[in-house]
Amino acid sequence: MASHGARGRSGGRPTLEEVAARAGVGRGTVSRVINGSPRVSDATRAAVEAAVAELGYVPNTAARALAANRTDAIALVVPEPETRFFAEPYFSDMLRGVGAEISDTEMQLLLTFAGSDRERQRLAQYLAAHRVDGVLLVSVHADDPLPDLLAQLEIPAVISGPRSSAETLPSVDSDNYGGARQAVEHLLSRGRRRVAHITGRLDVYGAQRRVDGYRDALSDAGHGVDEALIEAGDFSEEGGHRAMRALLERHPDLDAVFAGSDVTAAGARQALREAGRRIPDDVALVGYDDSAIARHMDPPLTSVRQPIEEMGRRMIDLLLTEVADRRPLASRGLDRRQMVLATELVVRSSS
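Residues numbered from 1 in each chain as written. Predicted model: local features only at pLDDT ≥ 70, side-chain atom pairs only at ≥ 80, totals over all residues. Heavy atoms only, no water.

- In the annotation of an unreviewed UniProt entry, the protein chain is listed under the name Catabolite control protein A and assigned to Streptomyces viridochromogenes.

Take a look at the structure:
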């Protein structure tokens, strides 16, 4: 009868160990079943679920978290407007990777936006109350005050790409410099000689590194860098359209464009078509991210693939290591890791 299993052998609440003993499995296996991990066989899952039901076991997450001075919550903070988050595949891919990795833990994931001053103030108050164990920061700009606030509050944090070459926080990024070089070297190998670049937001270090890669690829191939072929963008479709029109006005003879993102490339493609330019016959086009946009564009877009989902998974791994480290944040400087993942050029019909 279920009523006989409502209490453990000690007469109190059933424990995880009692569930494991009843199911004939280890404590870790019970934890994985309770947390919904896919790495458990159907038979084992059924045995654990039956033991949970028979004993009336209820995970006491709150008590464990309180005892450890933990909240069992991680915040994924996006210091951008919500409109950009939902418009750009980069963010959904990042969220997918983070979500997949955190699903095997007991952590809750909180998604919050901090694109306006009001949102940042509200977030600062929330963080000051220490309602999360750690923070993932995605799309951080050079002047963003959030990383420094997190350091002051002694809240562990990992960012998706360093703010500068002197970054002090743990970070996970793709090889922006190498990816840009791959893109430009590819265009040069196809006989293109007037290669333009539409940048991302230049207060983002990753965008700066792509400009560096673009410049060095041209210089190393014996081509001078024409500043008139570089136009600032902002990773958006509208920015790509605007920048492409400006480039055509200055350099109507350009024969290739390396765009700072696939979304930017979509805007550039529209401007090229409005100007009567054929892709790739008149102008070759390369994007960055290798998102679904690249695969579905007409013609399909050559793009630099960065492993965004893998970046999300690595960010969670780094953050959980930081959360488990009981030393003061200031004493961990030598252990901070800056992780850079390789990129890959995916060649399609646009180049």
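Here the narrative resumes.
### Overview of the overall build of the protein chain
1) Next: Regarding its fold elements, the protein chain presents 14 helices and twelve strands.
2) Next: Out of the 351 residues in the protein chain, the part that is buried amounts to 50%.
3) Next: Considering only intrachain contacts with a sequence separation of at least 6, the fraction spanning at least 24 residues in the protein chain is 72%. (Helix = DSSP H or I, 4+ residues; strand = E, 2+ residues; numbered from the N terminus. Buried < 20%, exposed > 50% of the residue type's maximum accessible area, 1.4 Å probe, protein only. Contact = heavy atoms within 4.5 Å.)

### Things to note about helix 7 (residues 117-128)
1) Next: Helix length check: helix 7, at twelve residues, gives a terminal C-alpha distance of 16 Å against a target of 16 Å (1.5 Å per residue), a fit within 8%.
2) Next: Among the residues of helix 7, Glu-119, Leu-123 and Leu-127 are the ones counted as buried. The buried residues of helix 7 occupy one face: seen down the axis, they fall within an arc of 70 degrees. Exposed side chains of helix 7 directed beyond 90 degrees from the buried face belong to Asp-117, Arg-118, Gln-121 and Gln-125.
3) Next: In this structure, the buried residues of helix 7 make contact with strand 1 (73-78), helix 5 (82-87), strand 2 (108-113), strand 3 (134-137) and helix 8 (146-152). (Expected span 1.5 Å × (residues − 1). Arc of directions from axis to C-beta.)

### With respect to the packing of aromatic side chains
1) Next: Evaluation of the coordinates by the stated rule reveals six aromatic pairs.
2) Next: Taken together, the aromatic side chains of Phe-85, Phe-86, Tyr-90, Phe-91 and Phe-113 make up a single cluster linked through ring pairs.
3) Next: The cationic tip of Arg-210 hangs over the ring face of Tyr-288; the distance from NZ or CZ to the ring centre is 3.6 Å. (Phe/Tyr/Trp six-rings, centres within 6.5 Å; stacked < 30°, edge-to-face > 60°. Lys NZ or Arg CZ within 6 Å of the ring centre and 35° of its normal.)

### Considerations on the pattern of salt bridges
1) Next: Scanning all chains against the criterion turns up 25 salt bridges.
2) Next: The closest approach of N and O atoms between Glu-227 and Arg-215, which form a salt bridge, is 2.6 Å. With a gap of twelve residues between them, Glu-227 in the loop between helix 10 (205-220) and strand 7 (230-231) and Arg-215 in helix 10 connect regions that are remote in the sequence.
3) Next: Relative accessible area serves as the criterion here: at 46%, Glu-227 is assigned to the partly exposed category.
4) Next: Here Glu-309 makes a salt bridge to Arg-313, at a shortest N to O gap of 3.9 Å. (Salt bridge = Lys/Arg side-chain N within 4 Å of Asp/Glu carboxyl O.)

### Some remarks on the sheet that holds strand 12 (residues 344-346)
1) Next: In spatial order, the strands read 7-6-8-9-10-12; together these six strands make up an open sheet with mixed pairing. Where the open sheet ends on each side, the last strands, each with one partner, are strand 7 and strand 12.
2) Next: The sheet contact formed by strand 10 (residues 302-305) and strand 12 spans three bridges and is antiparallel. Residue pairing for strand 12: Arg-305 is matched across the bridge by Glu-344.
3) Next: Strand contacts of helix 9 (residues 176-189): strand 6 (195-198), strand 8 (256-259), strand 9 (284-289), strand 10 and strand 12, with the helix running at about 165 degrees to strand 9, the strand carrying the most contacts.
4) Next: This element, helix 12 (residues 262-274), spans strand 6, strand 8, strand 9 and strand 10 of the sheet and lies at about 155 degrees to strand 9. (Pairing = 2+ DSSP bridges. Axes fitted to C-alpha atoms, helices over the stretch in contact; angles between N-to-C directions.)

### Some points on the nonpolar core
1) Next: Core analysis: the largest hydrophobic core is formed by 38 residues, its most contacted members being Met-244, Leu-254, Val-257 and Phe-258.
2) Next: Elements represented by at least two residues in this core include exactly helix 9, strand 6, helix 10, helix 11 (237-250), strand 8, helix 12 and strand 9.
3) Next: With residues up to four places along the chain from it excluded, the contact list for Leu-254 reads Arg-194, Ala-196, Leu-229, Met-244, Leu-247, Leu-248, Asp-282 and Val-283.
4) Next: Phe-113, Ile-308, Val-323 and Leu-341 belong to the second-largest nonpolar core, a separate cluster that totals 24 residues. (Core = buried A, V, L, I, M, F, W, Y, C linked by side-chain atoms within 4.5 Å.)

### Some thoughts on the pairing of strand 8
Successive side chains on a regular strand alternate, one facing one side of the sheet and the next facing the other.
1) Next: With burial as the criterion, each face of strand 8 is covered, one bearing Ala-256 and Phe-258 and the other bearing Val-257 and Ala-259.
2) Next: Two strands pair when backbone bridges link them, and strand 6 and strand 8 are joined in this way by four bridges, in the parallel orientation. Bridge pairing in strand 8 links His-197 to Phe-258.
3) Next: Where strand 8 lies against strand 9, three bridges are found, and the strand directions are parallel. Looking across to strand 9, one finds that Phe-258 is bridged to Val-286.
4) Next: Note that the unit made of strand 8, helix 12 and strand 9 has a crossover that is right-handed. (Right-handed = clockwise from strand over helix to strand, strands pointing away.)

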